[in-house]
Structures are given as structure tokens and as C-alpha cells.
Amino acid sequence: MNLLDFSNCRLCPRNCGCDRKNSTGFCGCSDKLRAARAALHHWEEPCISGTHGSGTVFFSGCTLQCCFCQNFSISIEHYGKDITPRRLGDIFLSLQNQGAHNINLVTPTQYLPWILPALELVRDELKIPVVYNCGGYEKTETIRLLKDYVDIWLPDLKYFDSALSARYSRASDYFSAASEAILQMVRQTGKPVLDTSGLMKKGVIIRHMVLPGQRKDSLRLLHWISENLTPGTYLLSLLSQFTPFYKSSSYPEINRRITTFEYESVVEEAIRLGLTQGFMQEKSSAKEEYTPPFNLEGI
Ligand code: SF4
Ligand code: SF4
């Protein structure tokens, strides 16, 4: 099966099988590559943002559609502008010229048949690493396909419990897909490599955002990481910034920020398990300003 055949789209675990020329699948994306912002971004982990910023391209649409999505105007409502692979290649080079430490593809999976040609077009000129910044809901075949294109993986690992992933992201198979995908990312990319100034050149950063009322699910994820990944082969980023966006008000149990106790109990367990290579946030960082303006800048 050709994974890039968008007339029978099976790019992600949804396996919709739709013809993207004439219809759309779960993600709602057509055969037009669409993006909402391309700019230097300073809010990623320090080894990604560095001093100049990460060259971030925010794509429209998403294969998950989480009920609390911070970027819902683009990921779910599809705000953005249609562009060609040639234009996307030029955007990559423009970000590099602006001093970006890397090219950061945010929620890219549904557009791989157009993003890979864009990366090919600029292969000789692009000197900075490519970051794949995704919700973690990926197929291992798709990760393998990206072996020669992606240097740094930045996946979420959102839920252990399938009832939670079904309720909040309409994906009961989230953990089985994301855990296999992350194992593949680590296998194929190897341990993290940072340069002398602390900038990441290759490797995997697993992100987990603690959800309100769900710290026990976070603890189960930490135990899975501890039991299945070798120390030193990945970095862990524990996020405290949950803010109840989008449809969170329809889910009363998560319609609030997390408490200091919730976050600290997860951090304490990570430390107890020896999962200390990575990043933890100040609890006070739960600010809405983390959402960048989606105004077609750089597109
Ligand atoms: S990328 Fe979109 S259309 Fe393709 S399988 Fe995933 S959700 Fe379905
Ligand atoms: S995976 Fe991320 S971008 Fe996609 S809907 Fe969920 S929170 Fe939004």
C-alpha cells in the first residue's frame, strides 16, 4: 500500500480510505495543503526554541480534534490558506533565513503527500533539522516513511485510558497507536543529540500535558514510559499549561486548570521513577498567551 496515495487516505490510524480529491475523512482535510501561520516561535522546549526561535509552520486540520484544543480555530475549524508544495518549500527557506534553529511542522500528518515534496524541493538548501510536532496518534508505517525527512520527533502522549481518549479526542485506540508510534520514533532516531549551545539536532521529546482530574492516567503513562523506554533514549516534557479551550465547558470535569497538587504529584512520580531527563514547567506558566495569533503570517 502506498501511504501517500491520497485517493485512498490511510495516513493516520483513522484509516478513512477516502479520496481526498472528492471527499474528506475524519480530519476534514481535502487535497489542498493548508496552513495558518509560519513564524519564529519561542514557546517550545528550550532545546527547540533556542534564542532565535523555532521555524514553526502551523497546518490546518488535525486527525484528533480534542475537545479542549488550544488551536481549535485551525485544527478543527480549518482556518488557513491553501498553498502549493513549492510555496511551502519557500516558506521553509524563509524561516531558515530569519534565523530559525529548525523547521517545526505542527500537526502535519494529514498533509504528508504535499509536505514531503516540499521538503524534497529544498533538500539541498535546508541546513537545519526538521521537527515533527504531532498529537502522537500516528501509524508506525507513517513514522518509518519519514525516516529520511525528520530529525526530531515531538509527539504528545496524551492518554493511557481508552475511555478518556474516546471521550476527549474520539480515538479509543489512542494509546495503542501512540505508544507504538513513539517506540518506532525512538528506535529509528536514536538517543537525543544536542549541540554545544544546547540545541537539539536529533532525537525524541515525549510531551505529556497533565489534564484536570486525570493525574492517575498521567501516572500510568509514566509507568509505561519507565517500563518500555531505556533511560537516555528520549527526553520527557511534562506540561502544566492545560487551559479549558474549545468545547471544554461541555465536559465539566476538565473545565478548569490543573491544581498545583495535580501537577506536582505527577512530577514527583516522574522523579521517583528516574524520568528526570527533560523538562518540567513552572505551574504559573498556564497562560493563554501561549496560543500564537493565527493570522496567515508568513503564509
Ligand atoms: S489523514 Fe484524515 S482522511 Fe486520512 S486517514 Fe487520517 S483522518 Fe482520515
Ligand atoms: S492533537 Fe493537538 S492540535 Fe490536534 S486537536 Fe488535539 S490538541 Fe488540537
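What comes next is a walk through the structure. (Residues numbered from 1 in each chain as written. Chains lettered and ligands numbered in written order. Predicted model: local features only at pLDDT ≥ 70, side-chain atom pairs only at ≥ 80, totals over all residues. Heavy atoms only, no water.)

Some thoughts on the site of ligand 2
Surveying the vicinity of ligand 2 reveals the residues Cys 62, Leu 64, Gln 65, Cys 66, Cys 69, Ser 75, Thr 107 and Lys 158. For the shell around ligand 2, the class distribution of residues is four nonpolar, three polar and one charged. (Near = heavy atom within 4 Å. Nonpolar A, V, L, I, M, F, W, Y, C, P; charged D, E, K, R; others polar.)

A look at the pattern of salt bridges
A side chain with one charge can pair with a side chain of the opposite charge if their charged atoms come near. Tallying each qualifying case throughout the model produces 13 salt bridges. One salt bridge in this structure joins Arg 207 and Glu 45, with 2.7 Å as the shortest N-O distance. Of this pair, Arg 207 sits in strand E8 (residues 200–209) while Glu 45 is found in the loop between strand E1 (34–41) and helix H1 (46–49), placing the two residues 162 residues apart along the sequence. Just as Arg 207 is buried, Glu 45 falls in that class too. Via salt bridges that share partners, Glu 44, Glu 45 and Arg 207 belong to a single interconnected network. (Salt bridge = Lys/Arg side-chain N within 4 Å of Asp/Glu carboxyl O. Helix = DSSP H or I, 4+ residues; strand = E, 2+ residues; numbered from the N terminus. Buried < 20%, exposed > 50% of the residue type's maximum accessible area, 1.4 Å probe, protein only.)

Thoughts on empty space enclosed by the protein
For the structure shown, the criterion picks out three cavities of 30 Å³ or more. In this model, the largest cavity occupies a volume close to 100 Å³. Along the wall of the largest cavity there are 15 residues; nearest its centre are Cys 9, Cys 12, Cys 16, Cys 27 and Thr 63. In this structure, the second largest cavity spans a volume of roughly 60 Å³. Contributing to the lining of the second largest cavity are Cys 62, Thr 63, Leu 64, Thr 107, Thr 109, Gln 110, Cys 134, Gly 135, Gly 136, Tyr 137 and Glu 138. (1 Å grid on protein atoms, 1.4 Å probe; cavity = no way out; pocket = protein on both sides within 12 Å on 5 of 7 lines; lining within 4 Å. Points joined across faces, edges and corners; volume = space filled by probe spheres on them.)

A look at the site of ligand 1
The full set close to ligand 1 counts 13 residues, and Cys 9, Cys 12, Arg 14, Cys 16 and Cys 27 are the nearest of them. One can see that ligand 1 is located within the largest cavity. (Sits in = over half its atoms within 2 Å of the grid points.)

Section: unusual backbone geometry
Despite not being glycine, His 78 has its phi angle at roughly 65°, a positive value. You can see His 78 is positioned in the loop between helix H2 (72–75) and strand E3 (81–82). Phi at Thr 107 takes a positive value of approximately 55°, unusual for a residue other than glycine. Tracing the backbone shows Thr 107 in the loop between strand E4 (103–106) and helix H4 (112–121).

A few points about the packing of aromatic side chains
Under the criterion given, the structure shown has 13 aromatic pairs. Judged by centre distance (5.2 Å) and plane angle (70°), the rings of Phe 58 and Phe 294 are edge-to-face. Placement of the pair is Phe 58 in strand E2 (residues 54–59) and Phe 294 in the segment after strand E10 (278–280), with a sequence separation of 236 residues. The pair formed by Phe 58 and Phe 294 is uniform in burial state, with each residue classed as buried. Taking 5.4 Å as the distance between ring centres and 65° as the angle between the ring planes, the aromatic pair formed by Phe 68 and Phe 242 counts as edge-to-face. Placement of Phe 68 in the loop between E2 and H2 and of Phe 242 in the loop between strand E9 (235–239) and helix H9 (260–272) is noted, with a sequence separation of 174 residues between them. Phe 68 sits in the buried class, given a relative accessible area of 6%. Taking relative accessible area as the criterion, Phe 242 reaches 1% and is therefore assigned buried. Taken together through their ring pairs, the aromatic side chains of Tyr 137, Tyr 159, Tyr 168, Tyr 174 and Tyr 251 make up a single cluster. The side chain of Arg 14 reaches across the aromatic face of Phe 26, ending 3.6 Å from its centre. (Phe/Tyr/Trp six-rings, centres within 6.5 Å; stacked < 30°, edge-to-face > 60°. Lys NZ or Arg CZ within 6 Å of the ring centre and 35° of its normal.)

Regarding the layout of surface pockets
Estimated volume of the largest pocket: approximately 1,000 Å³. Taken together, 44 residues form the lining of the largest pocket, with Gln 70, Asp 156, Arg 207, Leu 239 and Gln 241 sitting closest to its centre. Looking at the lining of the largest pocket, the elements that each hand over two or more residues are H1, E2, H2, strand E5 (130–134), E8, E9 and E10. The biggest single contributor to the lining of the largest pocket is E8, with three residues.

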